[in-house]
Structure formats: C-alpha cells, structure tokens
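# Results of the structural survey
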Amino acid sequence: MKRLLVFLWVLTIVGLVAGQSSVYRLRVVSWSCKAFARGVLVQGTVKNISSRSLQDLRASVRVIGPGLRMASNSAALQDRNLMPGEVAPFEVRIRTGFDSVNRCELWFRNPRVVQIASLVPSPR
C-alpha cells in the first residue's frame, strides 16, 4: 500500500511538471535600435516559442533620450499570425526630437493581451 501511494505521488508530480508550459510565449532572436536625425529605427526577428499560434501581433517600442525625453510607437508584424516555432521580422520607426538614444525598450502585444511575455536580449 505504501509503495502504491509513493508511486501515485511520483506520477502526480511528474504529470504536473510535464504539463507546465513556458511562461514566455515569444523570444526575440535579434534586434537593433539605431538613432538617426529626429528618429529611431528598431528592427529584428521574433520567434513564437509557445505551443499556440499568436494572432494580430504588434511590436511596441519606447525610446528614452537625453533628459529622460521619451517617444514611442508600434507597428504590426508583416506576418501577423505567428504559428508555434515560426520566426518573423519586425520593424518600428519612431519620430523623435532628439538625435541620441539612452535606452530602447521592446515588447509585443495584440488586441487581447496588453503585453505578451517575451524573452528580449539587449539590442545589438
């Protein structure tokens, strides 16, 4: 009886661990944030690492410049519906009143989710 209880407990724990999915749904493969006269161009690629398709994806960017001045914008991905394992390019242009950038922040969203959990490395 004791062995049966231990076996059932182990089976339950293994089932719970196997059934958990990753918290992150997207992984940014690469991206860059480049300042030019009165603007910033953010480009990169993103991969769907979840087990479900993601629809109506938008890349959102906030740029912080000198004196904590900020600008932001978003743009739809060309491939708006990203299947599991699929990779898609993104590009966001932001008009700013400053010529240098202190920091770029990148995230993804769709109309149903304010922010989709994403692994975002530092820009290159």
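Position labels on residues start from 1 in each chain and follow its written sequence. Since the coordinates come from a predicted model, pLDDT governs what is reported: local features require at least 70, and pairs of side-chain atoms require 80 or more to be given and counted, while whole-chain, interface and lining totals use all residues. To obtain the side-chain values, all non-hydrogen atoms of the structure were used and water was disregarded.

### Some points on the overall build of the chain
Convention followed: What counts as a helix is a DSSP run of H or I of at least four residues, what counts as a strand is a run of E of at least two, and both are numbered from the N terminus. When a residue's accessible area, from a 1.4 Å probe over protein chains only, is under 20% of the maximum for its type it is buried; when over 50% it is exposed; and in between it is partly exposed. We call two residues in contact whenever any of their non-hydrogen atoms come within 4.5 Å of each other. The protein chains shown are the only cover counted for residues, whose accessible areas, like all others here, come from Shrake-Rupley with a 1.4 Å probe.
Tallying secondary structure elements over the chain gives 1 helix and 8 strands in all. For the chain, the α and β elements follow one another from N to C terminus as α-β-β-β-β-β-β-β-β. Per-residue burial over the chain gives 31% buried out of 124 residues. For the chain, the proportion of contacts with a sequence separation of at least 24, taken over those separated by at least 6, is 67%. Accessible area of the chain: about 8300 Å², with a carbon and sulfur share of 55%.

### Looking at the state of the cysteines
Applicable threshold: For the purposes of this analysis, a disulfide is any pair of cysteine sulfur atoms at a distance within 2.5 Å.
In total, this model carries 1 disulfide according to the counting rule given. Linked covalently through their sulfurs, Cys33 and Cys104 form a disulfide whose S-S length is 1.6 Å. Of this pair, Cys33 sits in strand β1 (residues 26–36) while Cys104 sits in strand β6 (residues 103–110); the two residues are 71 residues apart in sequence, bridging distant segments of the chain.

### Re the packing of aromatic side chains
Put simply, the rule is: Between the rings of Phe, Tyr and Trp (Trp by its six-membered ring), a pair exists once the centres lie within 6.5 Å; its type follows the angle of the planes, with under 30 degrees stacked, over 60 edge-to-face, and the other angles tilted.
All chains considered together, the criterion is met by 1 aromatic pair. With a centroid separation of 5.3 Å and 85 degrees between ring planes, the pair formed by Phe90 and Phe108 is classed as edge-to-face. Placement of the pair is Phe90 in strand β5 (residues 87–95) and Phe108 in strand β6, with a sequence separation of 18 residues. In this pair, the class of Phe90 matches that of Phe108, namely buried.

### Notes on the sheet that holds strand β4 (residues 70–76)
Sheets are built from strands that pair by backbone hydrogen bonding, the pairs being arranged parallel or antiparallel. The cut-off we apply is this: Here, any two strands with at least 2 DSSP bridges between them count as paired. Think of each axis as a best-fit line through the C-alpha atoms, taken over the contacting stretch in the case of a helix, with angles from 0 to 180 degrees between the N-to-C directions.
Pairing is antiparallel in the open sheet, where 4 strands are placed in the order β4-β3-β6-β7. Each having just a single partner strand, β4 and β7 (113–116) make up the two edges of the open sheet. If you compare each strand with its neighbour and ignore which way they point, the axes differ by 30 degrees on average. Here 2 bridges tie β6 to β7, and the two strands are oriented antiparallel to one another. Following the sheet pairing, Phe108 is matched in β7 by Ile116.

### Observations concerning the side chain of Ser32
With respect to the helices and strands, the residue Ser32 is situated in strand β1. When neighbours within four sequence positions are excluded, Ser32 is seen to be in contact with Leu41, Val42, Gln43, Pro123 and Arg124.

### What to know about the confidence of the model for the chain
Quick note on the threshold: For every residue, the predictor reports its confidence as pLDDT, a number between 0 and 100.
On average, residues of the chain score 85 in pLDDT, and 82% of them reach the 70 mark or higher. Of all helices and strands in the chain, the one with the weakest mean pLDDT is helix α1 (residues 2–19) (45), whereas β5 scores best (97). Note that pLDDT drops below 50 for residues 4–20; the model gives that stretch 0 contacts with residues more than four away or on any other chain.

### Description of the pattern of salt bridges
Applicable threshold: Should a side-chain nitrogen of Lys or Arg be within 4 Å of a carboxyl oxygen of Asp or Glu, the pair is scored as a salt bridge.
Under the counting rule described, the total for this entry stands at 4 salt bridges. With a closest N to O distance of 3.3 Å, Glu91 and Arg93 form a salt bridge. Each of Arg62, Arg103 and Glu105 takes part in one network of salt bridges that share partners.

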